[in-house]
Amino acid sequence: ITPKVGISGCLLGKNVKYNGKNNWNKVVELLKERVNFIDICPEVLGGLSIPRIPSEIRDEKVINKIGEDVTKYFLKGGEKALNILKKENIKTVILKSKSPSCGYGKIYDGTFSKVLKDGNGISSNMFQKEDIDIVSL
Ligand code: SF4
């Protein structure tokens, strides 16, 4: 049986990043032959556009680079992504590291200076609470 795994859309090569680009990854590309990937992009699912202003998590809120609170989009996107994973009965996801949505374990610290802090993205947090296995790439 081909395993079904959730994946950040940008890692699969989809141009869904804030800057309209992707995070194509060779390992993911190689796995494609053996894994049934279901891609999610919580930020787009939450209603944010491509391209969009980048955001980071500060004091439990998601703030974009021009100071707007965009937390509600991230929460909505996380919920939608989680619903997709549940519907597909997915127990494992491969998520893009450091992102305010998909980051796991380490994320940017909210100062937009490429400094990392301990923590999870909004979606990763939701997935973790549902006992979904997270691989950070
Ligand atoms: Fe990639 Fe996740 Fe950001 Fe979407 S929200 S661009 S899938 S890291």
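Residues numbered from 1 in each chain as written. Predicted model: local features only at pLDDT ≥ 70, side-chain atom pairs only at ≥ 80, totals over all residues.

- As annotated in an unreviewed UniProt entry, the protein chain carries the name 2-amino-4-hydroxy-6-hydroxymethyldihydropteridine diphosphokinase and comes from Cetobacterium ceti.

**Digging into unusual backbone geometry**
Part 1: A cis geometry characterises the amide bond from Ile 50 onward to Pro 51, with omega recorded as -10°.
Part 2: Along the chain, the position of Pro 51 falls in the loop between helix H2 (42-45) and strand E3 (55-58).
Part 3: In this structure, Asn 89 takes a positive phi of about 55° despite not being glycine.
Part 4: Checked against the element boundaries, Asn 89 lands in the loop between helix H3 (71-87) and strand E5 (92-95).
Part 5: Asn 89 gets classed as exposed once you count the C-beta atoms within 10 Å, which come to 7.
Part 6: One non-glycine residue with positive phi stands out, namely Lys 114, at about 65°.
Part 7: Lys 114 gets classed as exposed once you count the C-beta atoms within 10 Å, which come to 8. (Helix = DSSP H or I, 4+ residues; strand = E, 2+ residues; numbered from the N terminus. Buried ≥ 20, exposed ≤ 12 C-beta atoms within 10 Å, placed from the backbone.)

**Some thoughts on the site of the ligand**
Part 1: The ligand sits among Ser 8, Gly 9, Cys 10, Val 16, Lys 17, Cys 41, Pro 42, Glu 43, Lys 96, Ser 99, Ser 101 and Cys 102.
Part 2: Residues of the shell around the ligand, tallied by class, amount to 5 nonpolar, 4 polar and 3 charged. (Near = placed C-beta within 6 Å. Nonpolar A, V, L, I, M, F, W, Y, C, P; charged D, E, K, R; others polar.)

**Section: the sheet that holds E5**
Part 1: Here 4 strands make up an open sheet; going across it, the order is E2-E1-E5-E8 and the pairing parallel. Because the sheet does not close on itself, it has two edges, and the strands there are strand E2 (36-40) and strand E8 (133-136). This sheet shows a mean twist of 25° between the axes of neighbouring strands, independent of strand direction.
Part 2: Pairing between strand E1 (residues 4-8) and E2: 5 bridges, direction parallel. From the neighbouring strand, Ser 8 faces E2, where its bridge partner is Ile 40. (Pairing = 2+ DSSP bridges. Axes fitted to C-alpha atoms, helices over the stretch in contact; angles between N-to-C directions.)

**Comments concerning the nonpolar core**
Looking at soluble globular proteins, one finds that nonpolar side chains tend to be buried together.
Part 1: Within the largest apolar cluster, 31 residues are counted, with the highest numbers of intra-cluster contacts made by Ile 7 and Val 93.
Part 2: Of all the elements in the fold, those that place two or more residues in this core are E1, E2, H2, H3, E5, strand E6 (106-108) and helix H4 (122-129).
Part 3: Looking at which element gives the most residues to this core, the answer is H3, with 5 residues.
Part 4: Discounting chain neighbours no more than four positions away, the residues touching Ile 7 are Leu 12, Val 28, Phe 37, Asp 39, Val 93 and Ile 94. (Core = buried A, V, L, I, M, F, W, Y, C linked by C-beta atoms within 7 Å. Contact = placed C-beta atoms within 7 Å.)

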